[in-house]
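# Overview (structure and organization)
Here are the chains, one letter per residue:
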Amino acid sequence: MKDSQNNEVRLEDILNTTPIAVSWSSLSSGRIEYINKAFSELFGFVLGDVLDTESWFLRVSPQPAYYQNVIAPWIHKYRDNASAHDLSATLFCKDNSVRHISMCFSTIGDKQLWYFNDITDHWVAEERLRARSDMLEMVAKSSALKDILNVIVKQIQQESPLSLCSVLLFDKDEQCLRLGAAPSFPDVYNQAIDGVKIGLNVGSCGTAAYLGQRVIVEDIYDHPYWADYIQLARQAEVAACWSDPIMSSKGDLLGTFAIYKRFSSTPSEKDFELINFASNLASIAIESFRAQEALQKRAYFDHLTELANRGYFFQQCETLLNQSREKHFPLAILMMDVDHFKKVNDEFGHKTGDLVLQMLAQMSLSILRRDDLIARIGGEEFAILLPFTEKDEAIRIAEQLRESIESSMVLSLDHQEVFFTVSLGVACRQDGDCTVDDILNKADKALYQAKAAGRNCVFLAMPQSNTLF
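Summarised in this report is the structure supplied together with it.

Parameters and conventions
- Residues numbered from 1 in each chain as written.
- Predicted model: local features only at pLDDT ≥ 70, side-chain atom pairs only at ≥ 80, totals over all residues.
- Heavy atoms only, no water.
- Core = buried A, V, L, I, M, F, W, Y, C linked by side-chain atoms within 4.5 Å.
- Buried < 20%, exposed > 50% of the residue type's maximum accessible area, 1.4 Å probe, protein only.
- Helix = DSSP H or I, 4+ residues; strand = E, 2+ residues; numbered from the N terminus.
- Contact = heavy atoms within 4.5 Å.
- Expected span 1.5 Å × (residues − 1).
- Arc of directions from axis to C-beta.
- Pairing = 2+ DSSP bridges.
- Axes fitted to C-alpha atoms, helices over the stretch in contact; angles between N-to-C directions.
- Parallel < 35°, antiparallel > 145°, perpendicular 65-115°, else oblique.
- Nonpolar A, V, L, I, M, F, W, Y, C, P; charged D, E, K, R; others polar.
- Phe/Tyr/Trp six-rings, centres within 6.5 Å; stacked < 30°, edge-to-face > 60°.
- Lys NZ or Arg CZ within 6 Å of the ring centre and 35° of its normal.

Residues Leu334 and Met336 are the most contacted members of the largest nonpolar core, which totals 33 residues. The set of elements that each furnish at least two residues to this core consists of β12 (331–338), α12 (341–348), α13 (350–367), β14 (381–387), α14 (391–406), β17 (422–428) and β18 (458–461). Here this core takes 6 residues from α14, the largest share from any one element. Discounting chain neighbours no more than four positions away, the residues touching Leu334 are Phe382, Ala383, Ile384, Leu386, Ala394, Ile397, Ala398, Leu401, Leu424, Gly425 and Val426.

Spanning 17 residues, helix α15 (residues 436–452) covers 24 Å between terminal C-alpha atoms, matching the ideal 24 Å at 1.5 Å per step. Among all positions in α15, only Val436, Ile439, Leu440, Ala443, Ala446, Leu447, Ala450 and Lys451 are buried. For α15, the angular spread of the buried residues around the axis is 150°, confining them to a single face. In α15, the exposed residues that point more than 90 degrees away from the buried face are Lys445, Tyr448 and Ala452.

Turning our attention to unusual backbone geometry. Residues apart from glycine generally show negative phi values, whereas peptide bonds are mostly found in trans. For His328, which is not glycine, the phi torsion reads 60° and is therefore positive. Relative to the elements of secondary structure, His328 occurs in the loop between α11 (310–327) and β12. The phi dihedral of His415 falls on the positive side, at around 70°, and the residue is not glycine. Along the polypeptide, His415 turns up in the loop between β15 (409–411) and β16 (417–419). For His415, a relative accessible area of 63% corresponds to the exposed category.

Another aspect to go through is the sheet that holds strand β10 (residues 240–247). The pairing of strands in a sheet happens through backbone hydrogen bonds and is either parallel or antiparallel. Pairing in this open sheet of 6 strands is antiparallel, and the strands run β8-β7-β6-β11-β10-β9 from one edge to the other. The sheet is open, and its two borders are formed by β8 (196–197) and β9 (215–217), each paired with just one other strand. Running over the sheet, helix α6 (residues 145–159) touches β6 (163–171), β7 (176–181) and β11 (253–261) and is turned about 150° from β6.

The next point concerns the pairing of strand β1 (residues 21–26). Of all 6 residues that make up β1, 6 are buried, and the element is covered over most of its length. Alternating residues of β1 divide into Ala21, Ser23 and Ser25 and Val22, Trp24 and Ser26, and every residue in both groups is buried. Summarising the sheet, β1 and strand β5 (residues 111–118) pair through 6 bridges and their orientation is antiparallel. Residue Ala21 lies in a different strand from β5, and its bridge partner there is Phe116.

α13 packs onto α12 with a crossing angle of 135° between their chain directions and a minimal axis gap of 7 Å. It follows from the interaxial angle that α12 and α13 lie oblique. The residues of α13 that touch α12, namely those facing Phe341, Val344, Asn345 and Phe348, are His350, Thr352, Gly353, Val356 and Leu357. A per-class count over the contact of α12 with α13 returns 5 nonpolar, 4 polar and no charged.

To continue, consider the environment of Phe313. Tracing the chain through its elements places Phe313 in helix α11. You can call Phe313 buried: its relative accessible area is 0%. Once residues within four sequence positions are removed from consideration, Phe313 is found in contact with Leu373, Ala375, Ala383, Ile384, Leu385 and Leu440.

We now examine helix α5 (residues 120–140). Each turn of an α-helix holds 3.6 residues, which means side chains three or four residues apart point in the same direction. Here α5 spans 30 Å end to end across 21 residues, near enough to the 30 Å set by a 1.5 Å rise per residue. Those residues of α5 that fall on the buried side of the exposure criterion are Thr120, Trp123, Val124, Glu127, Arg128, Ala131, Met135, Met138 and Val139. One face of α5 carries all of its buried residues, which in axial projection span an arc of 130°. Every exposed residue of α5 that faces more than 90 degrees away from the buried side is listed here: His122, Leu129 and Ala140. On its buried face, α5 sits against β4 (98–108), β5, α6 and α10 (269–300). Ser142 occupies a position one or two residues after α5 and carries a positive phi of about 60°.

Relative to the helices and strands, Arg429 resides in the loop between β17 and α15. Between the alpha carbons of Arg429 and Phe263 there is a distance of 61 Å; along the sequence they are 166 residues apart. Beyond its immediate stretch of four places on either side in the chain, Arg429 contacts Leu321, Ser324, Arg325, His328, Phe329, Leu331, Cys434 and Ile439.

What characterises a pair of aromatic rings is the spacing of the ring centres plus the angle enclosed by the ring planes. Applying the stated rule across the entire model yields 24 aromatic pairs. Plain terms: the ring middles of Trp74 and Phe105 are 5.2 Å apart, the flat faces sit at 80° to each other, and that makes the pair edge-to-face. Of this pair, Trp74 sits in helix α4 (residues 66–78) while Phe105 sits in strand β4, placing them 31 residues apart in sequence. Residue classification places Trp74 among the buried residues on the basis of a relative accessible area of 8%. Judged by its relative accessible area of 1%, Phe105 is buried. Here the aromatic cluster, defined as three or more aromatic residues joined through ring pairs, consists of Phe39, Phe43, Phe45, Trp56, Phe57, Tyr67, Trp74, Phe105, Trp114 and Phe116. Between Arg128 and the ring centre of Phe277, over which it is positioned, the NZ or CZ distance is 4.4 Å.

Here you go:
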């Protein structure tokens, strides 16, 4: 810093002993003339790597415009002052790792003396506390699971800006992975992985879920786990993937958390710590959501058939009926009752009767459309809400249900074949103010007409009379 060689060496020796990263540059040329040992350890650069202040900041800034929009105005503001106020920034190191630093500079003659404090650990701790708090608040407010998982994914991507992350949810029944959150991936990738079966050589995530252990793939294009998914990886522009199975507190598989890189990469200890944090946070979110889902299911669904219960059906029926009146779309309701159900219970036992109700539920769900709603509203009686459905279509659906159930059968506990039938009443919303009770009463009366007519048939409630089909 001074003309005397002895004084300059003495100052360098002093600066090399400080744990704070320090450099100095020429104010007139901007050329960086010195960096201390702590600077090289923090950022990975040696003096030959850094030419001048502007080019170095452009190299390490997260966005090309960051220097122009943030750093350059800050330097200009304090250029003529003895020292600048601290500026917090996120900068890349030579090895592409990320550091969160607090920096300032002092002007002494023709020199700018720069100081860089590493605040990464403090920043990460604060950000993780905030992310955890935000997630728990969303769980408490029963936010959508996708939104909760997006908070986690974005937090990890903020800590590791060169990473892309995804959460996949395990579907136990289908033994596959469903898309949970992957906001930075293209739609073509998300669509391709949604529903992929778990197993060996099914990418990093499918394999991690199958094995129940972490899978590290440093080079996607040269690894057997990805042999069948090379083209998909190219479309997503990823080259490495580290996947962790997300496990419940009881050790059950919930899904996977994955960190992808756009270049071949070996995870560091910090990367392992990051994926552990993400997996644990995702586990809490998924378990909490599923616990709430189970409580809601118990409140709104019948435990035997897993269909909607009476309360939930009436609630949805009221909502759809109001919308039907306001928006003038058709709506129909079916009432369905198992014929001679008491006889089934008396002859074969109540457990066989339960099997009949479960079979009826399965058959009905296989026939009804996505927007239709079927509920067990009592004993062997069921109600079906058919939105956007005219009379003829409602009758067709009722007949399809009747015929399919008539041809079905269950085995009693002593392996006897038990056949059963149903009767159905159909009612459609009429113009004018029609309440839920009104339309249900009409369907119920039509059902009793079907019973009186000999059962195993469909009756339509008409304004003046009931009609058999």
